[in-house]
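# Observations on the model geometry
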Amino acid sequence: MSIFSNLTAEQFETIGQELDAIRNREMADLGEKDANYIRTLIKRQRRLEVAGRGLLMAGFLPPAWLAGVACLSASKILDNMEIGHNVMHGQYDWMGDPAINSKVFDWDNTCTNTAWKQTHNFEHHTFTNVLDKDHDIGYGILRMSDDQDWEPRFLFNPILAGILATFFQHFVAIQSLKLEDYLVYKTKTKEELKAEFKPTWKKMRKQLFKDYLLFPALAGPFAPFVFAGNVTANLARNLWSSQVIFNGHFPEEVEQFPESVIENETRGQWYVRQLLGSANFEGGRLMHVMSGNLSFQIEHHLFPDMPAHRYAKIAPEVRAICEKHGLPYNTGSFVKQSLSVWKRIFKLSLPSKTQGGSDKGPLNGLRAKVVSLTREPQSETRKAA
Amino acid sequence: MNAMTQTSSRFQQGLTRLLQSRVADILSYPHGVDRYLEVFNPLWSVNEVRAKVEAVRYLTNDSVTLTLRPNHNWEGFIPGQFVQLSVTINGKRQTRCYSPANSLHRADGCIELTAKVHANGFVSRHLREQLSVGDVVLLSQADGEFALPEQRPEQVLLISGGSGITPVMSMLRTLCDEGFSGPITFLHYANSAADMIYASELDEIARTHDNVTLVRCFNDEGEQGELSGLFSREHLYIAAPEFAQATTFLCGPPPMMAAVEKVWEEDGLAERLHKEQFTLAAPQIESDSAEGEVRFVQSEKMAINNGATLLEQAESAGLTPESGCRMGICHACTCRKTAGDVRDIRTGEISSGEEDIQICVSVPVGTVTLDI
């Protein structure tokens, strides 16, 4: 049986209170430390970007090209992850600085601020790992869950995952369009799609023009070096950020949930779903910063609007709460979690053996949970109590 | 020397034009040029007015006088107008309004702001205790209708109370610098001589300018002022018997302003009285009669209406809505009210239905729903 259905209403309540206490304590402590952290980081990122773009102008010299690509890649990763992702979560809205505010901030990425806040902040964070609700489960092109019906196109799951990672910023940009509704399921008309694509295309165009035309043109005869450098930096950011995000939700033991789970969900149950639906990975300070502290995906999903540099500090407390209540705390090295994710991608390219409710096979635990959750969660908990 | 400054200013103009160009805009997309410039020097910006603190002086025990050198985005001001000054305190941006007190003709291009420091004055205390020379602050462009007219009046009466002295001080200094020859009466109210900001400079101006009459009025008994007590019609007859012929500029605490306004209204002179509400009259918090609740839709929070402004109620509910002047001037706090009635504390007017409101000057009348 899944842990989720074993918990009593009181246990959910207690877990909720314990986690709320951490949240309240940290949020009451917001101040200069957090402001200095994000300002310093933004300064470093902007310096890296200026340095990277400058070095690429001399990209005909191999060392300059390599250094330029390294700086620009690091800049784009910082801009998107520790700065953009976290600022757009509203982690720094309390500062009252329009330049660091979720309403205004935009990132060096083809996805618009508005579309991101819809698909990520709202859909993904509210309905984390709930099938048919959380579009991040496969981004509409992959099969990432046993409970997604198998279709022949999923034979290409690993290849599609590779394409998704390579062009990650563009897939994220068009995620809100739910392209599969038009291409595969035919529930969306071409006109609807066109209208929705308009604001995204406006931003895409600007980003592509900047990186692939204007900056190369500034280098005159050396334009190809700048062009190649920008392609590489964007690619590095795409591969890295997609792997970080996949590691947060798709290592094998991470749970997915049927839609019924969110009916009448209490705060405590929401917290536990976030815990079970996320996974961390370990690393040093640099690893945490470069992953936007999504290496603490569990803490991030519990407290998405808490400044992310605080996750490292509260992680041991969250882990202790998990241990106390017998909840798993999924973590491992970056390599271990990545391998686990790719194993899942390969495995799900084939139809699931367990389809139909057989109690054999590696995924029967998940099946059982799904079955138990489709029943009234209230009666479950009452019985246990 | 002259040629050199000319070249450098031409260079600066060219650079500014380049940084404001469409190309610079695309190259710095989506953050914008300013977000890169500020990394290298906090004063550099193509849009924002930022100023360096050149001097911090303490003219009285409960005030602070700042000399600020704005960057080249500063478009100047008209004596009487105010600016919004923003500083960061414990990571949070705080904005308040102050009127420059300096002369329009000040040679060094700096502006001077004086703030009265209240015991609970969060921002003013920071300005006095923490701000130091070399710090950089954010400014808005000057704004406000309270301003010395381009066509200078023939006779001027300046009435101020407490820290309301700053805008009229700017008017006085400007007129003196211009060699204005018409009669000027400067009637100022303060608690005591020691509390009076710019006391010695005013003495000096009155001594050296025959057309300037200085009338000081202290509230405390036994002080050496020309008058004592609160404003009254009698004061006016003594200080400025020809007040009906003068153009009058008034700035001070709300009760004093109300007393002055009453005289001008009674005499049918309201049109000749220009006034600046410096501090907002605190809303009459009638927590007993406050009814209903305040609902904050986006943040899914709710508070029992306690009669305070919606901004204060939102803040005590743990929200951090954008805000600025907190007196209904800057519109930073404007947000959508989807239902309910609110009273404007400046006018007492009640408005209802779905509309944009300034939450810093609105108190709920019954249950109100805000889209924040």
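Details of the structure are given in the entry above.
Residues numbered from 1 in each chain as written. Chains lettered and ligands numbered in written order. Predicted model: local features only at pLDDT ≥ 70, side-chain atom pairs only at ≥ 80, totals over all residues. Heavy atoms only, no water.

## What to know about the packing of aromatic side chains
In total, this model carries 16 aromatic pairs over all chains according to the counting rule given. For the pair A:Y271 and A:F303, a centre-to-centre distance of 6.1 Å together with 70 degrees between the ring planes defines the contact as edge-to-face. A residue pair is termed long-range when its members are at least 10 positions apart, and A:Y271 in helix α11 (residues 267-276) and A:F303 in the loop between α13 (297-302) and α14 (311-324) qualify at 32 residues. Of the two residues examined, A:Y271 and A:F303, each falls in the buried class. A network of ring pairs unites the aromatic residues A:Y139, A:F168, A:F246 and A:F250 as a single cluster. Positioned above the aromatic ring of B:Y36, the side-chain terminus of A:R46 is 5.6 Å from the ring centre. Taking the ring centre of B:Y198 as reference, the NZ or CZ of B:R173 above it sits at 4.8 Å. (Phe/Tyr/Trp six-rings, centres within 6.5 Å; stacked < 30°, edge-to-face > 60°. Helix = DSSP H or I, 4+ residues; strand = E, 2+ residues; numbered from the N terminus. Buried < 20%, exposed > 50% of the residue type's maximum accessible area, 1.4 Å probe, protein only. Lys NZ or Arg CZ within 6 Å of the ring centre and 35° of its normal.)

## Here we look at unusual backbone geometry
Note the cis peptide between B:Y29 and B:P30, where omega equals 0 degrees. Inspection of the secondary structure puts B:P30 in the loop between α2 (22-27) and α3 (33-40). The phi angle at A:N293 is positive, at roughly 60 degrees, despite the residue not being glycine. Here A:N293 lies in the loop between α12 (285-290) and α13. With phi around 50 degrees, B:N90 is a residue other than glycine that occupies positive phi space. Position of B:N90 relative to the elements: it lies in the loop between β3 (83-89) and β4 (92-98).

## Description of a positive patch on the surface
All names here are of chain A. Taken together, the side chains of K43, R44, R47 and R285 present a region of like positive charge at the surface. Per-element tally for the positive patch: the top contributor is helix α3 (residues 32-57), with three residues. Classification of R44 as exposed rests on a relative accessible area of 52%. (Patch = residues over 30% accessible without salt bridge, like charges linked within 9 Å, V, L, I, M, F, W, Y side chains within 5 Å. Areas by Shrake-Rupley, 256 points an atom, 1.4 Å probe, with all protein chains shown as cover. Salt bridge = Lys/Arg side-chain N within 4 Å of Asp/Glu carboxyl O. Lys, Arg positive; Asp, Glu negative; His and termini not counted. Charge placed at Lys NZ, Arg CZ, Asp CG, Glu CD.)

## Concerning the pattern of salt bridges
Inspection of every chain in the model, using the stated rule, returns 50 salt bridges over all chains. Notably, a salt bridge pairs B:K275 with B:E261, separated by 3.9 Å at the nearest N-O pair. One end of the pair, B:K275, is in strand β12 (residues 273-277); the other, B:E261, is in helix α8 (residues 254-266), and 14 residues separate them in sequence. What emerges from the salt-bridge pattern is a single network uniting A:R25, A:E26, A:D29, A:K33, A:D34, A:R310, A:K313 and A:E317.

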